[in-house]
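Architecture and fold: a report
The residues making up each chain are set out below.
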Amino acid sequence: HEALDLCLSCKGCLNDCPTGIDMATYKSEVLHQAYKGRLRPRSHYILGRLPFWARLSSPIAWLANLMLRTPGVRSVARWVAGVDQRRSLPTFARKRLSRWARKRPALEAGRPRVLLWADSFTEYFSTESGRSAVAVLESAGYRVELLPRAACCGLTWITTGQLDRAQKIVADTVSTLYPYVADGVPIVGLEPSCLSVLRSDAVELLDDPRAVDVAQGVFTLAELLQRTDGWRAPDLSGTHVVVQPHCHQASVMGFEADLALLESTGATIERLAGCCGLAGNFGVEKGHYDVSVAVAEQQLLPAIRNAAHGTVVL
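So, here's what we can say about the structure. (Residues numbered from 1 in each chain as written. Predicted model: local features only at pLDDT ≥ 70, side-chain atom pairs only at ≥ 80, totals over all residues. Heavy atoms only, no water.)

1. Here we look at the packing of helix H5 (residues 61-69) against helix H6 (residues 71-81)
- Where H5 contacts H6, the axes come no closer than 5 Å and their chain directions differ by 95 degrees. With respect to H6, the element H5 is oriented roughly perpendicular. Across the interface between the two elements, Met-67, Leu-68 and Arg-69 of H5 pack against Pro-71, Val-73, Arg-74 and Ala-77 of H6. (Axes fitted to C-alpha atoms, helices over the stretch in contact; angles between N-to-C directions. Helix = DSSP H or I, 4+ residues; strand = E, 2+ residues; numbered from the N terminus. Parallel < 35°, antiparallel > 145°, perpendicular 65-115°, else oblique. Contact = heavy atoms within 4.5 Å.)

What follows is the structure, encoded as structure tokens:
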């Protein structure tokens, strides 16, 4: 446990290390075996089951956000979750992405279909990225669909070694997504960590050939736009973009499609290496703060501080 404590589970070793050994998966298995049937750290019950708590809190998002903004309650919430007191807490979206999408007018049936898979973070927290993706996909000529019910990838259960539950969650999601893949409908995921589960972890966790088909049928937004006939990126000449590839995207899916799309806009691209230091649970858990910030200080934080006014940070 001491040796693996500073593993960020970023999967960088999968691509960067010559041996290609996936230490993130190794760490998950160690946690799974060590805590099976035993009491776990507090963060495993809260951060490790975050989508579950987000779904419960969603109907009272305004109240949950109010409580998390209250100084005393906020400190207690961090302690209960095993979060460092110096970290901020995310706020819940007042309206879930799927609820927003259901109220949108339907587009003509002749458009090609695309399923926008709303992962838990896009559904309950960062809904603005989902709304933007809908706008981009519709402008590219697609008819965007969302699932009638939530389908989680089980990422937080996987990274905390709760693999029995993770298998059931991933199996349910593969069963939900497979009919779209079988019908030739491309599936777009926005959160790289969640998408990487479908591209990699799901195949390893499940003895189900449908998981392989789903892995081949899910795409990043850039990957789909690259293969969309007639779509052209907007002209962003004169825009300076500082971009740091997401660790799971760089290691599992690759960042080539995104980089090619960005370069086609005419913007000036400054690509960073390194890591943001958060890496899911790692950077917010108590005991990791100093290492997390030191990691971010290697490239990301100095680049943000030195960025001129108007610079776009991805």
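Now, onward.
2. What to know about a nonpolar patch on the surface
- On the surface, a cluster of nonpolar side chains totalling about 520 Å² of accessible area is made up of Ile-60, Trp-62, Leu-63, Leu-66, Met-67 and Val-73.
- Counting through the fold element by element, Trp-62 comes out in helix H5. (Patch = residues over 30% accessible without salt bridge, like charges linked within 9 Å, V, L, I, M, F, W, Y side chains within 5 Å. Areas by Shrake-Rupley, 256 points an atom, 1.4 Å probe, with all protein chains shown as cover. Salt bridge = Lys/Arg side-chain N within 4 Å of Asp/Glu carboxyl O.)

3. Considerations on the sheet that holds strand S6 (residues 268-271)
- Ordered by their spatial adjacency, 3 strands build an open sheet running S6-S5-S7, and the pairing between neighbours is parallel. Each of the sheet's edge strands pairs with one partner strand only, and the pair in question is S6 and strand S7 (312-313).
- Of the strand pairs in this sheet, strand S5 (residues 240-243) and S7 are connected by 2 bridges, and their pairing is parallel. For Val-242, the partnering residue across the bridge sits in S7 and is Val-313. (Pairing = 2+ DSSP bridges.)

4. Observations regarding the pairing of S5
- Here S5 runs beside S6; their pairing, made up of 4 bridges, is parallel. The residue bridging Val-243 from the neighbouring strand is Arg-271, located in S6.

5. Thoughts on the pairing of strand S1 (residues 113-117)
- Burial of S1 is extensive: 4 of the 5 residues sit out of reach of the surface.
- Sheet topology note: the S1/strand S2 (residues 143-145) ladder contains 3 bridges and is parallel. Looking across to S2, one finds that Arg-113 is bridged to Arg-143. (Buried < 20%, exposed > 50% of the residue type's maximum accessible area, 1.4 Å probe, protein only.)

6. Observations concerning the pattern of salt bridges
- Applying the stated criterion across every chain yields a total of 13 salt bridges.
- A salt bridge links Asp-22 to Lys-11; the shortest N-O distance between them is 2.8 Å. Here Lys-11 lies in the segment before helix H1 (12-16) and Asp-22 lies in the loop between H1 and helix H2 (23-35), a separation of 11 residues in the sequence. Residue Asp-22 shares its accessibility class with Lys-11, and that shared class is buried.

7. Focus on helix H16 (residues 256-264)
- Those residues of H16 not exposed but buried are Ala-257, Asp-258, Leu-259, Leu-261 and Leu-262.
- Among the structural elements, helix H14 (221-226), S5, helix H15 (247-253) and S6 are those in contact with the buried residues of H16.
- Phi for Gly-266, located one or two positions after H16, is positive at around 85 degrees.

8. Side note on the sheet that holds S2
- Across the sheet, which stays open at both edges, the 4 strands sit in the order S2-S1-S3-S4 with parallel pairing between neighbours. The open sheet has two edge strands with one neighbour each: S2 and strand S4 (218-219).
- Taken together, the 2 bridges between strand S3 (residues 187-189) and S4 define a ladder with parallel strand orientation. Note on S4: the bridge partner recorded for Ile-187 is Val-218.
- With respect to the sheet, helix H9 (residues 127-139) is in contact with S1 and S2, its orientation differing from that of S1 by roughly 170 degrees.
- Strands in contact with helix H11 (residues 163-182) are S1, S2 and S3; relative to S1, the strand with the most contacts, it is inclined by about 160 degrees.

9. Remarks on a positive patch on the surface
- A contiguous patch of positive charge on the surface is contributed by Lys-95, Arg-99, Arg-102, Lys-103 and Arg-131.
- For Lys-95, the location among the structural elements is in the loop between H6 and helix H7 (97-102). (Lys, Arg positive; Asp, Glu negative; His and termini not counted. Charge placed at Lys NZ, Arg CZ, Asp CG, Glu CD.)

10. Structural notes on the nonpolar core
- Counting 30 residues, the largest nonpolar core has Trp-117, Val-170, Leu-177 and Ile-187 as its most contacted members.
- Of all elements in the fold, only S1, helix H10 (155-159), H11, helix H12 (192-205) and helix H13 (209-217) reach the threshold of two or more residues within this core.
- Top element by residues in this core is H11. It accounts for 8 residues.
- When sequence neighbours within four positions are dropped, the list of residues in contact with Leu-177 reads Leu-115, Trp-117, Leu-147, Ile-187, Leu-198 and Val-214.
- Grouped together as the second largest cluster of nonpolar side chains are 20 residues, Ala-101, Val-134, Ala-222 and Leu-261 included. (Core = buried A, V, L, I, M, F, W, Y, C linked by side-chain atoms within 4.5 Å.)

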